[in-house]
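Each chain is listed here by its residues.
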Amino acid sequence: MSSGALKRVIAEEGFKGSKGQILQFQFSGKGQVKRIILVGLGAAKVSSAHCRTIAVRTARHARRFTSIALILPQTDIPAVRAAAEGLLGGSYLYDRYFSESKKPKTKLNRAVLLVDKSQNTPELERALQEGAIIGGAVNFARDLVNCPPNDLTPTALADAAKQACDQVGAKCKIYNKKEIQNMGMNLLLAVNRGSAQEPRFVHMSYKPAQAKKRIVFVGKGITFDAGGLCIKPSKAMLDMKCDMAGAAVTIGVVVAAAALRLPVEVHGLVASTENMTGADAYRPGDVFTAKNGKTVEIINTDAEGRLVLADALSYADELEPDLLIDHATLTGACMVALGPRRAGFFSNSDDIAQSYIVAAEQQDEMYWRMPLDTDLRELLKSSIADMKHCDGPYGGTITAALFLKEFIGKNKWVHVDIAGPAFLETMHGDTPKGGTGFGIRTALEYLRSIA
Ligand code: BES
Ligand code: MN
Ligand code: ZN
């Protein structure tokens, strides 16, 4: 098709290139090209994020077809990396539980990027591979989050982490209940008491030969959050299989860091259990001793995430990290504050917070820094133990962060509350419905920036 003819079709069809607009037209002839898809961006200046969008929308639109070729308005390294990642992200579909009749009959199995001969360099090839690794990690995390909680038990989650680590040559040690007891993780065990499923603690690590920094990621791995005895209303409980999304991010980051051979030492810790109402369930009013020796009075059994994270953070402290980064679907209050698609994040270092925001902006993920207002610490004062683990609704995201801060030792720390963006009720923009893998891209971008 000549460019004149193309322009004519564009004009006739009223394609303005506005944001999200798609124009597809078919050719009836015997030629190799069967159809052309145009993706509108609604932007005068193209960024690498736009290239991701083009790839996501094209892959999504081309799901019924087996092969596509992509032409990008920009072909620098970040743009190509983002496009490769978008191709994987856009073709994502969680069809594991469809029987044959409902499974899609065809799958996109080949995508090529068309570039000028002069641009066809090994660096560009590498960018494609990197994008595919990152997109693969995001899709892997989505699969874990979308998996129904009767199948994704803490044991299954730990096994999935091990399997993924094995594939990229990362180490993975799984601790069972007995070993968790021996480590003194009594807060993780307290949450586990109401569940028929054993808890698991997972320590993944990737250690390249010449690493200058050691970063430890920690993830909340509640495979189902019924709320415990302070049980959730049924509507609030429905999507609570997503409560292990922090763990999914943590696994995805370690596996991708290893596959990308990033020159940073990366550890991933996952504390996993269900939060249920069994006969031995922990109660409001109970007091437990955390791994680091502090005593904690239980107030609301639905504030379980901070408890399992507390023991994981104490374990992380022993690894002497340069930086601790935790991800957790921690508080509904975070969605009240920032809406359903933005993460709240906290850091005790202004420099790190600034770099993290830059990484998030580059990856087009929405973060907002929240204040670690230490004067709210008094809300966690207890009359019978070292502290309470939660308080009322005011500043609920902040008091949760202040509780975690009691367990980080002297370390630099980033805490990301992904209660909203980890799981979407309906698809939005480039992001699918259900598990999103939110957080992985920013974390990897940050790791690259310090490497
Ligand atoms: N897993 C929830 C938080 C959550 C809510 C994540 C909605 C995703 C979507 C967490 O364990 C929880 O229940 N938090 C309580 C804390 C409260 C009892 C202090 C909450 O947010 O209500
Ligand atoms: Mn809860
Ligand atoms: Zn929870």
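The structure this text deals with has already been given above.
Residues numbered from 1 in each chain as written. Chains lettered and ligands numbered in written order. Predicted model: local features only at pLDDT ≥ 70, side-chain atom pairs only at ≥ 80, totals over all residues. Heavy atoms only, no water.

A. Main features of the nonpolar core. Counting 63 residues, the largest nonpolar core has Met204, Leu444 and Leu447 as its most contacted members. Here this core takes twelve residues from helix α9 (residues 245-260), the largest share from any one element. If near-sequence neighbours (up to four positions away) are discounted, methionine 204 is found in contact with Ala161, Cys165, Lys171, Cys172, Thr250, Ile251, Val254, Val266, His267, Gly268, Leu269 and Val270. The next biggest cluster of nonpolar side chains, apart from the first, holds 46 residues, and it includes Ala312, Leu324, Ala328 and Leu330. (Core = buried A, V, L, I, M, F, W, Y, C linked by side-chain atoms within 4.5 Å. Buried < 20%, exposed > 50% of the residue type's maximum accessible area, 1.4 Å probe, protein only. Helix = DSSP H or I, 4+ residues; strand = E, 2+ residues; numbered from the N terminus. Contact = heavy atoms within 4.5 Å.)

B. Expanded view of the coordination of the manganese ion (ligand 2). Of the protein atoms, only Asp225 (OD), Asp302 (O), Asp302 (OD) and Glu304 (OE) coordinate the manganese ion (ligand 2), at distances of 2.1 to 2.2 Å. Because the angles between the six donor atoms bound to the manganese ion (ligand 2) fall within 71 to 169 degrees, the donor set is best described as irregular. In the primary sequence, the donor residues of the manganese ion (ligand 2) line up as D-x76-D-x1-E. The two metals, the manganese ion (ligand 2) and the zinc ion (ligand 3), are separated by 3.1 Å and share aspartate 225 as a common coordinating residue. With a gap of 77 residues between them, aspartate 225 in strand β7 (residues 214-225) and aspartate 302 in the loop between β10 (295-297) and α10 (305-317) connect regions that are remote in the sequence. We classify aspartate 225 as buried; its relative accessible area is 3%. (Donors = N, O, S within 2.8 Å, 3.2 Å for Na, K, Ca; no water. Tetrahedral: all angles 85-135°; square planar, octahedral: opposite > 155°, others 65-115°.)

C. View of the pattern of salt bridges. Going through the model one piece at a time under the given rule, you end up with 22 salt bridges. The partner of glutamate 406 in a salt bridge is arginine 377, and the shortest N-O contact between them spans 2.7 Å. Residue glutamate 406 is located in the loop between α13 (396-405) and β15 (413-417), and its partner arginine 377 is located in the loop between β13 (367-369) and β14 (387-388); the two are separated by 29 residues in the primary sequence. For arginine 377, a relative accessible area of 23% translates into the label partly exposed. (Salt bridge = Lys/Arg side-chain N within 4 Å of Asp/Glu carboxyl O.)

D. Region of interest: the packing of aromatic side chains. Applying the stated criterion across every chain yields a total of eleven aromatic pairs. Note on tyrosine 175 and phenylalanine 201: the rings are 5.9 Å apart at their centroids and 50 degrees apart in plane angle, and the pair reads as tilted. Here tyrosine 175 is found in strand β5 (residues 171-175), whereas its partner phenylalanine 201 is found in strand β6 (residues 200-206), with 26 residues between them in sequence. The two residues tyrosine 175 and phenylalanine 201 agree in class, both being buried. These aromatic residues form a ring-pair network of at least three members: Phe345, Tyr356, Tyr367, Phe438 and Tyr446. (Phe/Tyr/Trp six-rings, centres within 6.5 Å; stacked < 30°, edge-to-face > 60°.)

E. Summary view of the coordination of the zinc ion (ligand 3). Taken together, the protein ligands of the zinc ion (ligand 3) are Lys220 (NZ), Asp225 (OD), Asp243 (OD) and Glu304 (OE), with distances of 1.9 to 2.4 Å. For the zinc ion (ligand 3), the six donor atoms in the first shell make angles of 78 to 175 degrees at the metal, a pattern classed as octahedral. In the primary structure, the donors to the zinc ion (ligand 3) are separated according to the pattern K-x4-D-x17-D-x60-E.

Geometry only, nothing functional implied.
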